[in-house]
Amino acid sequence: MFLMSGYCVLCTALGAYVSEGTRQTMSLPQRAKHILECDSGVVHQKTDWDSIHEKICQLLIPLRTSMPFYNSEEERQHGLQQLQLRQKHLIEFCYTVAQKYIFEGKHEDAVPAALHSLRFRMNVYGLSSVELVPAYLLLAEASLGLGQIVQAEEYLSQAQWTVLKSTKCSYATHSLLHRNLGLLFMAKENYEEARYHLANDIYFASCAFGTEDIRTSGGYFHLANIFYGLNKLDLADTLYTKVSEIWNKYLNNRYQVLSQARIQQIDLLGKQFETDTGLDEAQEAEAIRILTSILNIREATSDRAPPKIVFVLKILVMLYYLMMNSSKAQEYATRAFNLAKEQQLGVREQNSIQELLNLISAEEA
């Protein structure tokens, strides 16, 4: 088989240079490994560039440069180790970017970043390693977001097969696998299977991180969405409340630590103390998506339950404040204060929101 140089990072099937029969005989990892320039090359190149390539272009240069001649085996091993470290950095960077796109609903943009992460994983860990599973799951979730259920099933099948063959699969990876299987069955409206997999997601995430961890909250959130869609509002409400409480506890802890630091005005180095969520960009995007979704549901519910709405608004205030987005923090704080005042929720509640507003105003000054 003659393979032309170049590849299209977007196509999950081989392009025009390889026969359909040959393509069908190749496994998914082989196809991803040998992806070529396709008929839509120019369009796909632009999509790849806009999504991830522009961000990593300079980082790719050392990887695509021929390794120099080394005078000793020790130098050669050191060179290989440096190359692998660069690839591992790109694995995590591309993975985080792809996750962020997915949480923002930009599923098409997520595909190139996830595919780059997959390719680097193959280079570092091989074609059958369990380390490939997170990238397969990202591609599956992006495919679901694009309405490509068959493609999502293919990625999930590969992920399942890889996990089954592995003897060293972490609880966290099992959790991600079941979460994505749950999302698949939600898309297929098979809610019994979806609930089964999301329950397993919560179990494995709890084993890995604890039942009250923000990384476990995603399973509760998706399970709540199922109950909400089935009009089982009491169950949905309980789970939405749990998710809100998990995020409130995490963000409030961060907020309290930073508030204490600000009392001292400066840190140990004599510099102004910087706000920080403790989250990466993907986790911040996930928090925004989950909390705004819960807020929209709270506001759309017939009884509206003002205290629950104010609670979610205050969590969003803390999130945006820690993200140093003062305008959004002030917007949500003002909404919370006005609602608390309108519904006469109590002086203590109003005072706590007023303190947030004062802190935000002080930051802008």
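What you are looking at is a predicted structure, and each value in this text was computed from that prediction instead of being measured.

Visitor: Would you take a moment to explain the overall build of the protein for this structure?
Guide: Scanning the protein from N- to C-terminus turns up 15 helices and 0 strands. Expressed as a percentage of the 365 residues in the protein, the buried residues total 46%. Restricting the contact set of the protein to residue pairs at least 6 apart, pairs at least 24 apart contribute 63%.

Visitor: In this structure, what is going on with the pattern of salt bridges? I would like to understand it.
Guide: Two side chains carrying opposite charge are able to pair once their charged atoms lie near each other. Tallying each qualifying case throughout the model produces 13 salt bridges. Across the pair D201 and R179 runs a salt bridge whose closest N-O atoms are separated by 2.7 Å. Of this pair, D201 sits in helix α9 (residues 191–209) while R179 sits in helix α8 (residues 171–187); the two residues are 22 residues apart in sequence, bridging distant segments of the chain. On the basis of relative accessible area, D201 is assigned to the buried category, the value being 0%. Where E212 meets K242, a salt bridge forms, and the shortest distance between an N and an O atom there is 2.8 Å. Taken together, the residues E212 in the loop between α9 and α10 (214–229) and K242 in helix α11 (residues 233–263) connect sequence positions 30 residues apart. On the basis of relative accessible area, E212 is assigned to the partly exposed category, the value being 41%.

Visitor: So what exactly am I meant to see when it comes to the packing of α9 against α10 here?
Guide: Each pair of packed helices gets described by two things: the angle between the helix axes and the distance between those axes. Interaxial distance between α9 and α10 falls to 8 Å at its minimum, and their mutual angle equals 160°. When the interaxial angle is binned, α9 and α10 end up roughly antiparallel. Both α9 and α10 take part in a crossing whose hand is left-handed. Where α9 approaches α10, its residues Y191, A194, R195, L198, D201, I202, A205, S206 and F209 are matched on the opposing element by R215, T216, G219, Y220, H222, L223, I226 and F227. Taken together, the residues of the contact of α9 with α10 sort by class into 10 nonpolar, 4 polar and 3 charged.

Visitor: What should I look at first to understand the packing of helix α6 (residues 133–145) against helix α7 (residues 149–165) in this one?
Guide: In contact at an axis separation of 8 Å, α6 and α7 are set at 160° when each is read in the N-to-C sense. The orientation of α6 relative to α7 falls into the category roughly antiparallel. Between α6 and α7 lies a crossing of left-handed hand. Between α6 and α7, the residues in contact are V133, Y136, L137, L139, A140, S143 and L144 and I149, Q151, A152, Y155, L156, Q158, A159, T162 and V163, respectively. Grouping the constituent residues of the contact of α6 with α7 by class yields 12 nonpolar, 4 polar and no charged.

Visitor: Which parts of the structure should I look at to understand the nonpolar core?
Guide: What tends to happen in soluble globular proteins is that the nonpolar side chains get buried as a cluster. W247 and L316 are the most contacted members of the largest nonpolar core, which totals 50 residues. Counting residues per element, this core draws most heavily on helix α13 (residues 306–322), which supplies 12 residues. Dropping the residues within four chain positions of it, L316 is found in contact with L291, T292, L295 and Y332. Core analysis: the second largest hydrophobic core is formed by 33 residues, A98, Y101, V130 and A140 among them.

Visitor: Could you clarify how one ought to interpret α7 in this entry?
Guide: Since the α-helix packs 3.6 residues into each turn, any two residues three or four apart lie on the same face. Over its 17 residues, α7 runs 24 Å from end to end, which matches the ideal 24 Å to within 8%, given 1.5 Å per residue. Residues Q151, A152, Y155, L156, Q158, A159, T162 and V163 constitute the buried set of α7. Taken around the axis of α7, the buried residues stretch over an arc of 155°, which confines them to a single face. Residues of α7 that are exposed and point more than 90 degrees away from the buried face comprise V150 and L164.

Visitor: Explain the packing of aromatic side chains here, please?
Guide: Describing an aromatic ring pair means giving the distance of the ring centres and the angle of the ring planes. The tally for this structure, following the rule as stated, stands at 7 aromatic pairs. Three or more aromatic residues joined by ring pairs make a cluster, and in this case those are Y171, Y203 and F204. In this structure, K328 packs its charged tip against the face of Y320, placed 5.8 Å from the ring centre.

Visitor: Please explain the confidence of the model for the protein as it appears in this structure.
Guide: When pLDDT drops low, the exact placement of atoms in the prediction is not to be read closely. Model confidence for the protein is summarised by a mean pLDDT of 81, while 73% of its residues fall at 70 or above. Low confidence marks residues 1–25, where pLDDT is under 50. Its contacts with residues over four positions away, or in another chain, come to 56 contacts. The low-confidence segment residues 28–40, where pLDDT is below 50, has 51 contacts with residues more than four positions distant or belonging to other chains.

Visitor: Would you explain the side chain of R121 in this entry?
Guide: Relative to the helices and strands, R121 is located in helix α5 (residues 107–125). Dropping the residues within four chain positions of it, R121 is found in contact with I91, E92, Y95, G126, E131, L132, P134 and A135.

Visitor: Sorry, what's going on with the environment of K249 here?
Guide: Considering the arrangement of structural elements, one finds K249 in helix α11. Sequence-wise, K249 and D213 are 36 residues apart; in three dimensions their C-alpha atoms are separated by 9.4 Å.

Visitor: Whenever I open this one, α10 confuses me. Can you help?
Guide: Counted at 1.5 Å a residue, the expected span for α10 with its 16 residues is 22 Å, and the 23 Å between its end C-alpha atoms agrees. Within the sequence span of α10, burial applies to I214, T216, S217, G218, G219, Y220, F221, H222, L223, A224, I226 and F227. Capping the start of α10 is the job of one residue whose side-chain oxygen sits 2.8 Å from the backbone nitrogen of R215: D213. Phi turns positive, to about 65°, at N231, one or two residues after α10.

Visitor: Before we go on, may I ask you to explain unusual backbone geometry in this structure?
Guide: Note: most residues except glycine have negative phi, and most peptide bonds are trans. Here the phi dihedral of N231 falls at roughly 65°; this positive angle occurs in a residue that is not glycine. Relative to the helices and strands, N231 resides in the loop between α10 and α11. Take N231: its relative accessible area is 59%, and that puts it in the exposed class. Positive phi outside glycine occurs at M324, with the angle close to 65°. A relative accessible area of 56% means that M324 is categorised as exposed.

What counts, and where the lines are drawn
- Residues numbered from 1 in each chain as written.
- Predicted model: local features only at pLDDT ≥ 70, side-chain atom pairs only at ≥ 80, totals over all residues.
- Heavy atoms only, no water.
- Helix = DSSP H or I, 4+ residues; strand = E, 2+ residues; numbered from the N terminus.
- Buried < 20%, exposed > 50% of the residue type's maximum accessible area, 1.4 Å probe, protein only.
- Contact = heavy atoms within 4.5 Å.
- Salt bridge = Lys/Arg side-chain N within 4 Å of Asp/Glu carboxyl O.
- Axes fitted to C-alpha atoms, helices over the stretch in contact; angles between N-to-C directions.
- Parallel < 35°, antiparallel > 145°, perpendicular 65-115°, else oblique.
- Left-handed = near helix turned anticlockwise from the far one by under 90°.
- Nonpolar A, V, L, I, M, F, W, Y, C, P; charged D, E, K, R; others polar.
- Core = buried A, V, L, I, M, F, W, Y, C linked by side-chain atoms within 4.5 Å.
- Expected span 1.5 Å × (residues − 1).
- Arc of directions from axis to C-beta.
- Phe/Tyr/Trp six-rings, centres within 6.5 Å; stacked < 30°, edge-to-face > 60°.
- Lys NZ or Arg CZ within 6 Å of the ring centre and 35° of its normal.
- pLDDT = per-residue confidence, 0-100.
- Polar contact = N/O pair within 3.5 Å; in protein donor to acceptor, adjacent residues only side chain to side chain.

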